[in-house]
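In case you want the letters, here they are:
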Amino acid sequence: MIPAMRVAIAQVNALAVPLVLIDSLCETSRVNYEFDSDSTDCKFDAAAKLNIFMIGWHTTFWSYGIATLSRTDQLTNKNNADVNFGYGNILTQPNLLALLLGLFVAITPLGRLLFREKKPSPLRPLGAALQVLAWPMLATTVLITAAALVHGHVRKQQRQGEEQCGIELSPSSSPVRQQDNHIINIDHIEDERIHDVPIRNNDDDLDDTSNRYVATMFWFILSRLFFVPLVGYALAYVTFQKRTFGLSKLARLVILMEFAAPSAQTILTVLYALGLGRVAESLAPYYFIMYLSSIFTMTAFGAFALYVIYYSS
């Protein structure tokens, strides 16, 4: 699960979560002042900048990210060819090809013909249909995350119940009993009195597992919501103090908010697509706690970014 965590820390929710916060910030007079106090223009401009950021996000995720995720379970699933994804497959990734196609549409007159609402062209209905098809993506990702959370919790309860009872099912689904780290098939026992043999107590093992779970969740969430934004904000602050590279204040605000965003939920969806549902179910509780915590961390980092960009200068 460690490779999946590395990808989750590196790949943020680069569109949906920052857009919600920046939409609210565009309502303030300090932020929409660049747009003649028009909050609508501010929101459209912020959305455009977020989508430009998504070009880099998609490029890294559908190359490095998916190649790393496909090797997440190799230690326990060495012979599973379904999750084997080499770097040679990157150039043929459908998602990267779709990204290149989207860039081509955006920089050519075809983009205006498909998506321009004022003076619509005959291709405008096709563009509207493409937009409608894209709308359910976020809701589908959230539903998959919720399903992973519930399914993982049920599977964990079942596993803990089996461990506490000292019972584990063999591959042949015949009844077995766990005793002193050995699996005994009851079907092949005739006269042995297994009920006279004490069953090993697994409470210590469960406590150790619980402690490791809490520690892993703590460092995973702290890395994404605190350490990465802290380093990113420090680098951005030092860089922008010397040179702004012609970036507007809103563009700098978008960059800082991207540093503070939680991990992308797309990772859980891709893990399911790769046949690594158990890994996704293990990560889902971390995501749940992370997104709840991000309400407070993004508010704090957002307030700091707003002060540095709009009030201190």
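Everything numeric in this text was worked out from a predicted model, so none of it was measured.

Summing up its helical and strand segments, the protein chain has twelve helices and two strands in all. Starting at the N terminus, the α and β elements of the protein chain follow one another as α-α-α-α-α-α-α-α-β-β-α-α-α-α. Out of the 313 residues belonging to the protein chain, those deemed buried represent 35%. By sequence separation, contacts in the protein chain at least 24 residues apart represent 70% of the contacts at least 6 residues apart.

Our next topic: the pattern of salt bridges. In the structure shown here, the tally under the stated rule is two salt bridges. Between Lys43 and Glu27 there is a salt bridge, with the nearest N and O atoms lying 2.6 Å from each other. One end of the pair, Lys43, is in helix H4 (residues 39-69); the other, Glu27, is in the loop between helix H2 (16-25) and helix H3 (29-32), and 16 residues separate them in sequence. Of the charged contacts, one joins Lys49 and Asp45 as a salt bridge, the two residues approaching to 2.4 Å between their closest N and O atoms. Taken together, the positions of Lys49 and Asp45, both in helix H4 and four residues apart, correspond to about one turn of that helix. What makes Lys49 partly exposed here is its relative accessible area of 21%.

One pass over the structure, following the stated rule, counts one disulfide. Between the sulfur of Cys26 and that of Cys42 lies a disulfide, 2.1 Å long from S to S. In this structure the cystine formed by Cys26 and Cys42 twists about its S-S bond by roughly -65°; its chirality is therefore left-handed. Linking Cys26 in the loop between H2 and H3 with Cys42 in helix H4, this pair joins segments that are 16 residues apart in sequence. With respect to burial, Cys26 and Cys42 carry one shared label: buried.

All right, on to the nonpolar core then. In terms of nonpolar packing, the biggest core is built from 56 residues, with Leu69, Leu250 and Leu271 touching the most fellow members. Elements with a minimum of two residues in this core: helix H1 (2-10), H2, H4, helix H5 (94-107), helix H9 (203-242), helix H10 (249-260), helix H11 (266-273) and helix H12 (277-311). A per-element tally of this core places H12 first, with 13 residues. If near-sequence neighbours (up to four positions away) are discounted, Leu271 is found in contact with Ala4, Leu69, Leu276, Gly277, Val279, Ala280 and Leu283.

For the rest of this paragraph, the subject is a nonpolar patch on the surface. Judged by side-chain polarity, Leu101, Phe104, Leu110, Leu113, Phe115, Leu123, Leu126, Leu130 and Leu133 come together as a nonpolar surface patch covering roughly 810 Å² of accessible area. Every element with two or more residues in the nonpolar patch is listed here: H5, helix H6 (109-115) and helix H7 (124-134). Of note, Phe115 is situated in helix H6. For Phe115, a relative accessible area of 33% corresponds to the partly exposed category.

Taken as a whole and judged by the stated rule, the model has nine aromatic pairs. When the centroid spacing of 4.8 Å and the interplanar angle of 80° are considered together, the rings of Phe61 and Trp62 count as edge-to-face. Trp62 matches Phe61 in its accessibility class, with the two residues each being buried. Consider the rings of Trp219 and Phe227, whose centres lie 6.4 Å apart with planes at 20°: the pair is stacked. Accessibility expressed as a relative area gives 34% for Phe227, which makes it partly exposed. Three or more aromatic residues link up through ring pairs in this structure, and these residues are Phe218, Trp219, Phe226 and Phe227.

Considering every residue of the protein chain, the mean pLDDT works out to 76; 69% of them sit at 70 or more. Note on residues 78-83: pLDDT is under 50 here. Beyond four places in sequence and across chains, it has four contacts.

As a further point, take the environment of Phe53. Considering the arrangement of structural elements, one finds Phe53 in helix H4. Look at Phe53 and you get partly exposed, because its relative accessible area is 35%. Along the sequence, Phe53 and Ile255 sit 202 residues apart, while their C-alpha atoms lie 8.4 Å from each other. Among all residues touching Phe53, those that are not within four sequence positions of it are Ala14 and Glu258.

What counts and what doesn't
- Residues numbered from 1 in each chain as written.
- Predicted model: local features only at pLDDT ≥ 70, side-chain atom pairs only at ≥ 80, totals over all residues.
- Heavy atoms only, no water.
- Helix = DSSP H or I, 4+ residues; strand = E, 2+ residues; numbered from the N terminus.
- Buried < 20%, exposed > 50% of the residue type's maximum accessible area, 1.4 Å probe, protein only.
- Contact = heavy atoms within 4.5 Å.
- Salt bridge = Lys/Arg side-chain N within 4 Å of Asp/Glu carboxyl O.
- Disulfide = S-S within 2.5 Å.
- Core = buried A, V, L, I, M, F, W, Y, C linked by side-chain atoms within 4.5 Å.
- Patch = residues over 30% accessible without salt bridge, like charges linked within 9 Å, V, L, I, M, F, W, Y side chains within 5 Å.
- Areas by Shrake-Rupley, 256 points an atom, 1.4 Å probe, with all protein chains shown as cover.
- Phe/Tyr/Trp six-rings, centres within 6.5 Å; stacked < 30°, edge-to-face > 60°.
- pLDDT = per-residue confidence, 0-100.

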